[in-house]
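# Results of the structural survey
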Amino acid sequence: MSTLTSPAPDATAAPLPFGPHTVAPPVVLAPMAGITNAPFRTLCREFSGGKGLFVSEMITTRALVERNEKTMQLIHFDATETPRSIQLYGVDPVTVGKAVRMIAEEDLADHIDLNFGCPVPKVTRKGGGSALPYKRNLLRAIVREAVTGAGDLPVTMKMRKGIDDDHLTYLDAGRIAVEEGVTAIALHGRTTAQHYGGTADWEAIARLKEHVPEIPVLGNGDIWSAEDALRMVRETGCDGVVVGRGCLGRPWLFADLVAAFEGRTDAFVRPTLREVADVMVRHATLLGEWIGDETRGVIDFRKHVAWYLKGFAVGSEMRKRLAITSSLEALRAGLNELDLDQPWPTGADGPRGRTSGNNRVVLPDGWLKDPYDCAGVGEDAELDTSGG
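A separate point is the state of the cysteines. Enumeration according to the criterion identifies zero disulfides in this entry. Free cysteine Cys118: the closest other cysteine sulfur is in Cys247, separated by 17 Å. There is no disulfide at Cys247, and the cysteine sulfur nearest it, in Cys44, is 4.8 Å away. Taking the relative accessible area as the measure of exposure, Cys247 reaches 0% and is therefore buried.

Structure, rendered in structure tokens:
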């Protein structure tokens, strides 16, 4: 792929220790429902040269313990993936403990991340995701069960600042994580109420780093380019970065991130549309192979089309046509009708994916009355499916 000379980096970050593993440079793919499956992780890992950490979609602990068929497929890792990283969602300490012990005893992964950052209503209305850290005792119980059950496997956690600006939890949650033996913490610099809107609060990442100097802190939020990642490390002092929406339709961002942290100034990827089209076809092909059905793979790929084509001169009718294809042949044919010699568009490195806010937070009745009482979290709070 084409490269573009970029300014020399002015921030560095040391390799990130994850138990017996080392992540160098300290760059992590954020779990994203329906996105960070094995095919997408493969693409990102290939562009990074195998460097970094690539986390699975969110896996529900109840579904894992019950060996739900969809869940067992989601935790399948390619033979080249190392370390194998699973993110777990759970609200019941006992179920979380069972899931973690299952992973450790059956050698299903090398690293476990706990999800305390998901802001979607179907999760928060049950007291899960980014709603859960408000209940400090419940958070502690879940983390304790996970760390105990994991044995030698490193356990990390990803969280948000809190429910809203009046109910911030990240400093308390960070201290609980340290006390219970968590290996590292990732903080998305937004509240649940912000959802994906507004601007990520990088100052909160800096405050968390100062508050828990004992363990690594990774920053997440508004990293759209390699330059953003370097700037986050420089401005917050964080130990690494977690990248989510910035790599949608742009798995080669991980090549840029590795180059930036390694100080290489001539390796930033700026693909032509022809090169992007090749990646699109490969992505759809990998999905078909993973699912076991070409048509279903291409249909699953449809959500990625607009992200890959962002900024390129492609008419609305062709965009619609490409977004309803159901075969690799039709996808290739449509792409071949485009002006494939187009260079990488100016401004295409900017925001992508969901950017709107969602100011109404859906919580269980009475959730905010007591930050310590765990009443109100029942069995139905455990989702029976995975993937977010």
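This part is about the packing of helix 1 (residues 38-48) against helix 11 (residues 273-291). At their nearest, the axes of helix 1 and helix 11 sit 8 Å apart, and the two run at 135° to each other. By the angle between their axes, helix 1 is oblique relative to helix 11. The crossing of helix 1 and helix 11 is right-handed. Along its contact with helix 1, which presents Ala38, Pro39, Phe40, Thr42, Leu43, Glu46 and Phe47, the element helix 11 presents Val279, Arg282, His283, Leu286, Leu287 and Trp290. Here the residues of the contact of helix 1 with helix 11 are counted per class, giving nine nonpolar, two polar and two charged.

Okay, helix 6 (residues 136-150) next. Three or four residues apart is the spacing at which side chains of an α-helix point the same way, because the helix has 3.6 residues per turn. Its 15 residues give helix 6 an end-to-end C-alpha distance of 21 Å, which sits within 8% of 21 Å, the value for a rise of 1.5 Å per residue. Taken together, the buried positions of helix 6 are occupied by Arg136, Leu138, Leu139, Ile142, Val143, Ala146, Gly149 and Ala150. Looking at the buried residues of helix 6, the elements they touch are helix 4 (93-105), strand 7 (111-116), strand 8 (155-160) and helix 7 (170-179). Looking one or two residues past helix 6, Gly151 carries a phi angle of roughly 65°, positive in sign.

Looking at the element boundaries, Asp222 is found in the loop between strand 10 (217-220) and helix 9 (226-236). A relative accessible area of 15% means that Asp222 is categorised as buried. At a separation of 2.7 Å, a polar atom in the side chain of Asp222 contacts the side chain of Arg190. Separated by 2.8 Å, the side chain of Asp222 and the backbone nitrogen of Ala200 make a polar contact. Dropping the residues within four chain positions of it, Asp222 is found in contact with Arg190, Gly198, Thr199, Ala200, Trp202, Asp228 and Arg245.

The next point concerns the packing of aromatic side chains. For the coordinates displayed, the defined rule picks out six aromatic pairs. We note Lys135 situated over the ring of Trp367; from NZ or CZ to the ring centre the distance is 4.9 Å. Here the basic side chain of Arg160 rests over the ring of Tyr196, its NZ or CZ set 5.1 Å away from the ring centre.

In this structure, the largest pocket encloses a volume near 580 Å³. Lining the largest pocket are 32 residues, and of these Pro31, Met32, Ala33, Tyr196 and Arg354 lie nearest its centre. Listing elements by their share of the lining of the largest pocket, those giving two or more residues are strand 7, strand 8 and strand 11 (240-243). Among the residues making up the lining of the largest pocket, the classes are represented as 17 nonpolar, 10 polar and five charged.

Conventions we followed
Residues numbered from 1 in each chain as written. Predicted model: local features only at pLDDT ≥ 70, side-chain atom pairs only at ≥ 80, totals over all residues. Heavy atoms only, no water. Disulfide = S-S within 2.5 Å. Buried < 20%, exposed > 50% of the residue type's maximum accessible area, 1.4 Å probe, protein only. Axes fitted to C-alpha atoms, helices over the stretch in contact; angles between N-to-C directions. Helix = DSSP H or I, 4+ residues; strand = E, 2+ residues; numbered from the N terminus. Parallel < 35°, antiparallel > 145°, perpendicular 65-115°, else oblique. Left-handed = near helix turned anticlockwise from the far one by under 90°. Contact = heavy atoms within 4.5 Å. Nonpolar A, V, L, I, M, F, W, Y, C, P; charged D, E, K, R; others polar. Expected span 1.5 Å × (residues − 1). Polar contact = N/O pair within 3.5 Å; in protein donor to acceptor, adjacent residues only side chain to side chain. Phe/Tyr/Trp six-rings, centres within 6.5 Å; stacked < 30°, edge-to-face > 60°. Lys NZ or Arg CZ within 6 Å of the ring centre and 35° of its normal. 1 Å grid on protein atoms, 1.4 Å probe; cavity = no way out; pocket = protein on both sides within 12 Å on 5 of 7 lines; lining within 4 Å. Points joined across faces, edges and corners; volume = space filled by probe spheres on them.

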